[in-house]
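# Coordinates in review
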Amino acid sequence: MVLSKRAEKLEPSVTLAASAKAKALKDQGIDILSLTVGEPDFFTPENIRAAAFTAIEAGKASFYTPTAGIPELRKAITNYIKEFYGLSYDTNQVIVTDGAKFALYTLFQALLDEADEVIIPVPYWVSYAEQIRLAEGTPVFVEATQEADFKVTVSQLDAARTSKTKAIILNSPANPTGVIYTKDELLAIGEWAVANDIWIISDDIYGRLVYNGHEFTPIAALSDAIRKQTIIINGVSKTYAMTGWRIGFAVGDQRIIGAMIDIASQATSNPPAVSQYAAVEALTGNQDSIEVMRQAFEQRLNDLYPLIEAIPGFTLTKPQGAFYLFPNVREAIQLCGYQTIDEFVEGLLVEAHVAVVTGAGFGAPDYLRISYAADWHTLAEAAKRIHDFVENKRQNI
Ligand code: PMP
Ligand code: GLU
């Protein structure tokens, strides 16, 4: 045995794997339309890029920063949370991390002991379960069915609760379903968590990407007791088109944040200095461009949704936020003569040259995920190719 058991057991990220595979085929000259990885297709706004250049020229990007982040960014984050959540935190309740992904990673490392359980509503974002396992915790899955609008209820959560339940992860708007929990639903879950001494991990990364009049409610804002028991996870990747800069953050209980800082001090030292200066500008500078991007996503959602819904064997719930469609394709898999979602997704890639992500990685093997963070020409052409693929396959069966 060369590798650790941990490494042997690890499932790599299916979203990143699908995107890498699509890119490799593209590099071979094949005309692949990739709707895989969830990242805005826009350039980072100009004022943010300019702030990064300024930081580099001023020599600020040359050096380590405090592990928890530069003071001006921690301050900008508390101001941002004050503005959008209506909540006041001290700057020492904030850690800046290498993407929200690493905020979650250090949080699980700080919170979990062996066999501690974390409840995850299914479908879930691909990294939650693996990060929990890396911290030797146990993910406990609770099914949020399409019939229930991809939401879990308190009675389901209570049935999954044990003496080992340490935390629950909420992600609203959700990746991959785009569903948003209402205030009342969140309040019920929050009160249940408080009553049972369960930490709430609120992954709010898509909180600003909401469409067609739907609103994001931050669970932390629903009562003081809920706030005290919630760790907010957020970042600039999605809202500001900054996935490559790798800046996320966590906000909440000072002891937990302190432990996360200690862990990060031994793991990465600090997030990239240049990215932190760019993130200060993102959070404090002109905000006009983010509404322009939000509106573009909304338009694409509204235009793409009917095209995907019209594909034979696809059943779809209209998302309210994030930038994914998550159709149930159970019937289409059968119509095309396949057995599994992975075969269907592979067929789409190899024959229709459209790359999407299998729902299996999200705990939902009847589904596939389409990211609509792409230009309209690509989306329309991809929808047509998927439609034609299913039509042709079913006629040939
Ligand atoms: N949470 C969810 C639900 C996500 O989709 C992503 C996207 N990768 C992240 C967290 C992490 O984002 P990042 O690390 O780019 O900040
Ligand atoms: N959150 C994005 C996605 O779901 C980025 C990829 C990843 O970090 O796994 O596609």
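All of these numbers come straight from a predicted model, not from anything done at the bench. (Residues numbered from 1 in each chain as written. Chains lettered and ligands numbered in written order. Predicted model: local features only at pLDDT ≥ 70, side-chain atom pairs only at ≥ 80, totals over all residues. Heavy atoms only, no water.)

### Re a nonpolar patch on the surface
On the surface, Met1, Val2 and Leu3 cluster together into a nonpolar patch covering about 410 Å² of accessible area. Position of Leu3 relative to the elements: it lies in the segment before helix H1 (5-9). (Patch = residues over 30% accessible without salt bridge, like charges linked within 9 Å, V, L, I, M, F, W, Y side chains within 5 Å. Areas by Shrake-Rupley, 256 points an atom, 1.4 Å probe, with all protein chains shown as cover. Salt bridge = Lys/Arg side-chain N within 4 Å of Asp/Glu carboxyl O. Helix = DSSP H or I, 4+ residues; strand = E, 2+ residues; numbered from the N terminus.)

### Examining the site of ligand 1
In the vicinity of ligand 1, 13 residues are found, and the nearest of them are Ala100, Asp203, Tyr206, Lys238 and Arg246. One nitrogen or oxygen atom from the side chain of Asn175 is found 2.8 Å from an oxygen atom belonging to ligand 1. At 2.6 Å, a side-chain N or O of Asp203 approaches a nitrogen atom of ligand 1. Within the complex, 93% of the 390 Å² of free accessible area of ligand 1 lies under protein. The dominant element in the shell around ligand 1, judged by the number of residues it contributes, is helix H5 (residues 99-111), at three residues. Residue composition of the shell around ligand 1, grouped by class: five nonpolar, four polar and four charged. (Near = heavy atom within 4 Å. Polar contact = N/O pair within 3.5 Å; in protein donor to acceptor, adjacent residues only side chain to side chain. Nonpolar A, V, L, I, M, F, W, Y, C, P; charged D, E, K, R; others polar.)

### What about the sheet that holds strand E12 (residues 368-371)?
Ordered by their spatial adjacency, three strands build an open sheet running E9-E12-E11, and the pairing between neighbours is antiparallel. Here the strands that pair on one side only, and so sit at the sheet edges, are strand E9 (324-325) and strand E11 (357-358). (Pairing = 2+ DSSP bridges.)

### Notes on the packing of helix H3 (residues 46-57) against helix H11 (residues 273-284)
At a closest axis distance of 8 Å, the pairing of H3 and H11 adopts a crossing angle of 140°. It follows from the interaxial angle that H3 and H11 lie oblique. The two elements H3 and H11 meet at a crossing, and its hand is right-handed. Only Val274, Tyr277, Ala278, Glu281 and Ala282 of H11 make contact with H3, whose side of the interface consists of Asn47, Ile48, Ala51, Ala52, Ala55 and Ile56. Split into classes, the residues belonging to the contact of H3 with H11 amount to nine nonpolar, one polar and one charged. (Axes fitted to C-alpha atoms, helices over the stretch in contact; angles between N-to-C directions. Parallel < 35°, antiparallel > 145°, perpendicular 65-115°, else oblique. Left-handed = near helix turned anticlockwise from the far one by under 90°. Contact = heavy atoms within 4.5 Å.)

### Brief notes about the pattern of salt bridges
Following the criterion strictly, the structure yields 17 salt bridges and no others. Across the pair Asp116 and Lys166 runs a salt bridge whose closest N-O atoms are separated by 3.9 Å. In this pair, Asp116 sits in the loop between H5 and strand E3 (117-122) while Lys166 sits in strand E5 (residues 165-170), placing the two residues 50 residues apart along the sequence. Owing to a relative accessible area of 10%, Asp116 belongs among the buried residues under this scheme. The partner of Arg294 in a salt bridge is Glu291, with the nearest N and O atoms 2.9 Å apart. Note that Arg294 and Glu291 are positioned in helix H12 (residues 288-309) at a spacing of three residues, about one turn of the helix. Given a relative accessible area of 33%, Glu291 falls into the partly exposed group. In this structure, a network of salt bridges that share partners links the residues Asp31, Glu381 and Arg385. (Buried < 20%, exposed > 50% of the residue type's maximum accessible area, 1.4 Å probe, protein only.)

### Here we look at the packing of aromatic side chains
Counting across every chain of the model gives 17 aromatic pairs. Judged by centre distance (6.0 Å) and plane angle (80°), the ring pair of Tyr85 and Phe216 falls under edge-to-face. Residue Tyr85 is located in helix H4 (residues 71-85), and its partner Phe216 is located in the loop between strand E6 (199-203) and helix H9 (224-228); the two are separated by 131 residues in the primary sequence. Through a chain of ring-to-ring contacts, three or more aromatic side chains come together here, namely Phe42, Tyr206, Phe297, Phe323 and Tyr324. Geometry around Tyr181 places Lys151 over its ring, the cationic atom sitting 5.9 Å from the centre. Lying over the aromatic face of Phe84, Arg208 brings its terminal NZ or CZ to 3.7 Å of the ring centre. (Phe/Tyr/Trp six-rings, centres within 6.5 Å; stacked < 30°, edge-to-face > 60°. Lys NZ or Arg CZ within 6 Å of the ring centre and 35° of its normal.)

### Regarding the nonpolar core
Phe314, Phe344 and Leu368 are the most contacted members of the largest nonpolar core, which totals 82 residues. The dominant element in this core, judged by the number of residues it contributes, is H5, at seven residues. Within the second largest apolar cluster, 35 residues are counted, among which are Ile77, Ala220, Trp245 and Phe249. (Core = buried A, V, L, I, M, F, W, Y, C linked by side-chain atoms within 4.5 Å.)

### Looking at the sheet that holds E3
Two strands in a sheet stick together by hydrogen bonds in their backbones, pointing the same way (parallel) or opposite ways (antiparallel). Taken together, the seven strands give an open sheet; going across it, the order is E2-E8-E7-E6-E5-E3-E4, and neighbouring strands pair in mixed fashion. Each edge of the sheet is formed by a strand with only one pairing partner; in this case those strands are strand E2 (94-97) and strand E4 (138-143). The average undirected angle you get between the axes of adjacent strands in this sheet is 20°. Relative to E4, helix H6 (residues 127-134) is tilted by about 155°, and along the sheet it contacts E3, E4, E5 and E6.

### Some points on the UniProt feature "domain: Aminotransferase class I/classII large" (unreviewed entry) in the protein chain
The sites that UniProt annotates as "domain: Aminotransferase class I/classII large" (unreviewed entry) are residues 31-386. Taken end to end, residues 31-386 has its terminal C-alpha atoms 14 Å apart, with 42% of it in helix and 14% in strand. (UniProt positions renumbered as here; feature names shortened; annotations may be inferred.)

### Description of the environment of Trp192
Looking at the secondary structure, you find Trp192 in helix H8 (residues 183-195). Between the C-alpha atom of Trp192 and that of Pro139, which follows or precedes it by 53 residues, the distance is 19 Å. Every residue in contact with Trp192, bar those within four places of it in the chain, is listed here: Ile119, Val154, Leu157, Asp158, Arg161, Ile168 and Ile198.

### Some details on helix H14 (residues 341-352)
Helix length check: H14 (twelve residues) gives 15 Å between terminal C-alpha atoms against 16 Å at 1.5 Å per residue, within 8%. For H14, the complete set of buried residues consists of Ile341, Phe344, Val345, Gly347, Leu348, Leu349 and Ala352. Residues of H14 that are buried sit in contact with helix H2 (14-27), helix H13 (330-335), strand E10 (354-355), E11, E12 and helix H15 (376-395). Phi turns positive, to about 60°, at His353, one or two residues after H14. (Expected span 1.5 Å × (residues − 1).)

### Some details on the side chain of Thr65
Mapped onto the fold, Thr65 is located in the loop between H3 and H4. Looking at Thr65, its side chain comes within polar contact range of the side chain of Gln276, at 2.9 Å. Look past the residues within four positions of Thr65 in its chain and what remains in contact with it is Ile70, Ser269, Asn270, Pro271, Ala273 and Gln276.

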